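Chain by chain, the residues:
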Protein chains: 2
Amino acid sequence: MNDRDTRHQQAMQKLKTRVDEKVAEATEQRGLLLIFTGNGKGKTTAAWGTVTRALGYGYRVGVVQFIKGLWECGERERLAEDPHLEVAIMATGFTWDTQDREADTRACEEVWAQAERMLADPEVYLVVLDEITYMLKFGYLDIATVKRALDNRPAEQTVIITGRNAHRELTAMADTVTEMNEVRHAFNSGLQARRGIDY
Amino acid sequence: MNDRDTRHQQAMQKLKTRVDEKVAEATEQRGLLLIFTGNGKGKTTAAWGTVTRALGYGYRVGVVQFIKGLWECGERERLAEDPHLEVAIMATGFTWDTQDREADTRACEEVWAQAERMLADPEVYLVVLDEITYMLKFGYLDIATVKRALDNRPAEQTVIITGRNAHRELTAMADTVTEMNEVRHAFNSGLQARRGIDY
């Protein structure tokens, strides 16, 4: 074995030891609360990636789309026929298009009722509350209601929350928080949103 | 309309104007280069979310897994039967397990040959180079080879690169770069990786 190979082997052994130690320390198993926040691309996309993953094992999944409901959505199309997936949509479109606070609040409450049902159902392994952060920000939903539903959910149920500016009370109770930060976005260079990639 | 509703309506109108302006400015359509990097959870997951999305419209997709090939992978299971999806796997497991630089380099070159084929195929709408950043970091692949294949790919083809520490030459040529930063990770609180969620 030459020097470079030996150094490589030693570095990898050190890394392996560190990984093995962390794996040994991780002993708890239960449903998680994950938050994908930040201003970059990938929050909803990572949520749908996890949906696909969970469906891959035959788990039941519920997705509640609080904003992008009226958009074409390739992943919804791709997975729609899956009997383990339920999607609830707040079908008022983007809130800056409607500009009607009362109608949006009603629409939000209706779709939240479906979220609450999923969050109370021990058969549902994963619930995605897509873009719910904006509902809290706009005051369509109150944080105490959301926290209560999350606190009381079945122990084995994982929840993913997506959206910018996640409420600090949600962040505080989450197991995993990833901030997706925009370093660069094609849209700002004059590139149009692309079918099958951006939506 | 009461004061609060009026203020809401005005704020939304302002937001709508800004969004509409940006949409009007975005006029170019072509394949994109996206990078999901950073130390947080969600990079590979967002890539698979995009795969699901593209398949939802019937586009052809190629995924090359440079590291996690031996892991169980729910999304691969879920989508495996899709005739529009091809997955190529570097099946040597994690590199800190093998600790064999020469064998890893050969395995990397083999799977890279499949990536090159996909990157030259105008029928492939989306190519995911999952965790290729580590191949560059470990010196199994050289940056010039990867850049050349990306530069020469079909104009309509989108490529997603995932992994920590993306090479600055890749970042420089990308259309969209998101840094997924770990704010908190369940694993560090003693929670085990969870089936259908983490893998």
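Before reading on, note that the structure itself is shown above.
These notes cover the structure that comes with them. Everything numeric in this text was worked out from a predicted model, so none of it was measured.

## What to know about the overall build of chain A
Part 1 of the argument: Of the regular secondary structure elements, chain A holds 8 helices and 6 strands.
Part 2 of the argument: For chain A, the sequential pattern of α-helices and β-strands runs α-β-α-β-α-β-α-α-β-α-α-β-α-β.
Part 3 of the argument: In terms of principal-axis extent, the alpha carbons of chain A reach across some 70 × 45 × 35 Å.
Part 4 of the argument: Split into buried and exposed, the 199 residues of chain A put 55% on the buried side.
Part 5 of the argument: Within the structure as shown, chain A displays about 8600 Å² of accessible surface, and the carbon and sulfur contribution to it stands at 47%.

## Some details on the interface of chain B and chain A
Part 1 of the argument: Opposite the 86 residues of chain B that make contact, chain A presents 85 residues.
Part 2 of the argument: Summing both partners gives a buried area of about 8000 Å² for chain B against chain A, and 53% of it is carried by carbon and sulfur.
Part 3 of the argument: Counting across the interface, chain B meets chain A through 10 salt bridges.
Part 4 of the argument: R78(B) serves as the salt-bridge partner of E81(A), at 3.5 Å between the closest nitrogen and oxygen.

## Comments concerning a positive patch on the surface
Part 1 of the argument: A cluster of basic residues, K14(A), R18(A), K22(A) and R164(B), forms a positive patch on the protein surface.
Part 2 of the argument: With respect to the helices and strands, the residue K22(A) is situated in helix 1 (residues 3–25).
Part 3 of the argument: Classification of K22(A) by relative accessible area gives partly exposed; the value is 34%.

## Quick word on the nonpolar core
It is characteristic of soluble globular proteins that their nonpolar side chains tend to be buried jointly.
Part 1 of the argument: V51(A) and V51(B) are the most contacted members of the largest nonpolar core, which has 46 residues in total.
Part 2 of the argument: Taken together, the elements giving at least two residues each to this core come down to strand 1 (33–37), helix 2 (43–56), strand 2 (60–65) and strand 4 (124–130) of chain A together with strand 1 (33–37), helix 2 (43–56), strand 2 (60–65) and strand 4 (124–130) of chain B.
Part 3 of the argument: Beyond its immediate chain neighbours, meaning those up to four positions away, V51(B) contacts V61(B), V63(B), L79(B), L85(B), L126(B) and V128(B).

## Quick look at the pairing of strand 1 of chain B
Residue and element names in this part refer to chain B.
Part 1 of the argument: Of all 5 residues in strand 1, 5 are buried, a share of seventy percent or more.
Part 2 of the argument: Covered by surrounding structure in strand 1 are L33, I35 and T37 together with L34 and F36, the residues of both alternating faces.
Part 3 of the argument: Bridge count between strand 1 and strand 6 (residues 176–184): 4 bridges; the pairing is parallel. Bridging from a neighbouring strand, L34 pairs with T176 of strand 6.

## Focus: the environment of M135(A)
Residue and element names in this part refer to chain A.
Part 1 of the argument: Considering the arrangement of structural elements, one finds M135 in helix 6 (residues 132–137).
Part 2 of the argument: By relative accessible area, M135 is classed as buried at 0%.
Part 3 of the argument: In sequence terms M135 and W112 are 23 residues apart; their C-alpha atoms lie 9.9 Å from each other.
Part 4 of the argument: Those residues in contact with M135, other than ones at most four positions away along the chain, are F66, I67, M90, C108, Y140 and L141.

## As for the packing of aromatic side chains
Part 1 of the argument: Summed over the entire model, instances satisfying the criterion amount to 8 aromatic pairs over all chains.
Part 2 of the argument: Taking 6.4 Å as the distance between ring centres and 80° as the angle between the ring planes, the aromatic pair formed by Y199(A) and Y57(B) counts as edge-to-face. On the criterion of chain membership, the pair formed by Y199(A) in the segment after strand 6 (176–184) and Y57(B) in the loop between helix 2 and strand 2 is interchain, its members lying in two chains.
Part 3 of the argument: Accessibility expressed as a relative area gives 15% for Y57(B), which makes it buried.
Part 4 of the argument: Seen in terms of ring centroids, F138(B) and Y140(B) are 5.6 Å apart; in terms of plane orientation they differ by 50°. Their pairing is tilted. For the pair shown, F138(B) and Y140(B) are each scored as buried.
Part 5 of the argument: Among the aromatic residues, those joined into a ring-pair cluster are Y57(A), Y59(A), Y125(A) and Y199(B).

## Overview of the relation of the copies chain B and chain A
Each of the two chain copies can be generated from the other by rotation about an axis followed by a shift along it.
Part 1 of the argument: Once chain B is rotated about the relating axis by 180° and shifted along it by 0.0 Å, it coincides with chain A to within an RMSD of 0.0 Å. The transformation just described matches what one would write down for a two-fold rotation axis.
Part 2 of the argument: A symmetric contact is evident, with 99% of the interface residues of chain B recurring at the interface of chain A.

Basis of the calculations
For every chain, the first residue of the written sequence is number 1, and numbering continues from 1 along that sequence. The order in which chains are written sets their letters, starting at A; the order in which ligands are written sets their numbers, starting at 1. Reporting of local features is limited, given that this is a predicted model, to residues whose pLDDT is at least 70; pairs of side-chain atoms are given and counted only at 80 or more, and all residues count toward the totals for whole chains, interfaces and linings. Calculation of side-chain values draws on the structure's entire complement of heavy atoms; hydrogens and water are dropped beforehand. Secondary structure counts use DSSP, requiring at least four H or I residues in a row for a helix and at least two E residues in a row for a strand, with both numbered from the N terminus. Classification of residues uses two cut-offs on accessible area relative to the type maximum, computed with a 1.4 Å probe and protein chains only: under 20% is buried, over 50% is exposed, and between them is partly exposed. All accessible-area figures derive from a Shrake-Rupley calculation using a 1.4 Å probe, and residue coverage is judged against the displayed protein chains alone. Contact between two residues is taken to exist if any of their heavy atoms lie within 4.5 Å; hydrogens are not considered. A simple way to read buried area is as the amount of 1.4 Å-probe accessible surface that goes missing from two parts once joined, with both sides added. One speaks of a salt bridge when a side-chain nitrogen belonging to Lys or Arg is within 4 Å of a carboxyl oxygen belonging to Asp or Glu. The patches described consist of residues with a relative accessible area above 30% and no salt bridge, like charges being joined within 9 Å and nonpolar side chains (Val, Leu, Ile, Met, Phe, Trp, Tyr) within 5 Å. Working convention for charge: Lys and Arg count positive, Asp and Glu count negative, and His plus the chain ends are omitted. By convention, the charge on Lys lies at NZ, on Arg at CZ, on Asp at CG and on Glu at CD. Within this scheme, the nonpolar core is defined by two criteria: the residues are buried Ala, Val, Leu, Ile, Met, Phe, Trp, Tyr or Cys, and they are joined through side-chain atoms within 4.5 Å. Paired strands, in this sense, are two strands between which DSSP finds at least two bridges. Any pair of Phe, Tyr and Trp rings, taking the six-membered ring for Trp, is counted once the centres come within 6.5 Å. Such a pair is stacked with planes under 30 degrees apart, edge-to-face with planes over 60 apart, and tilted for the rest. Superposition of the copies was done by least squares, using only C-alpha atoms of residues whose pLDDT is at least 70 in both.

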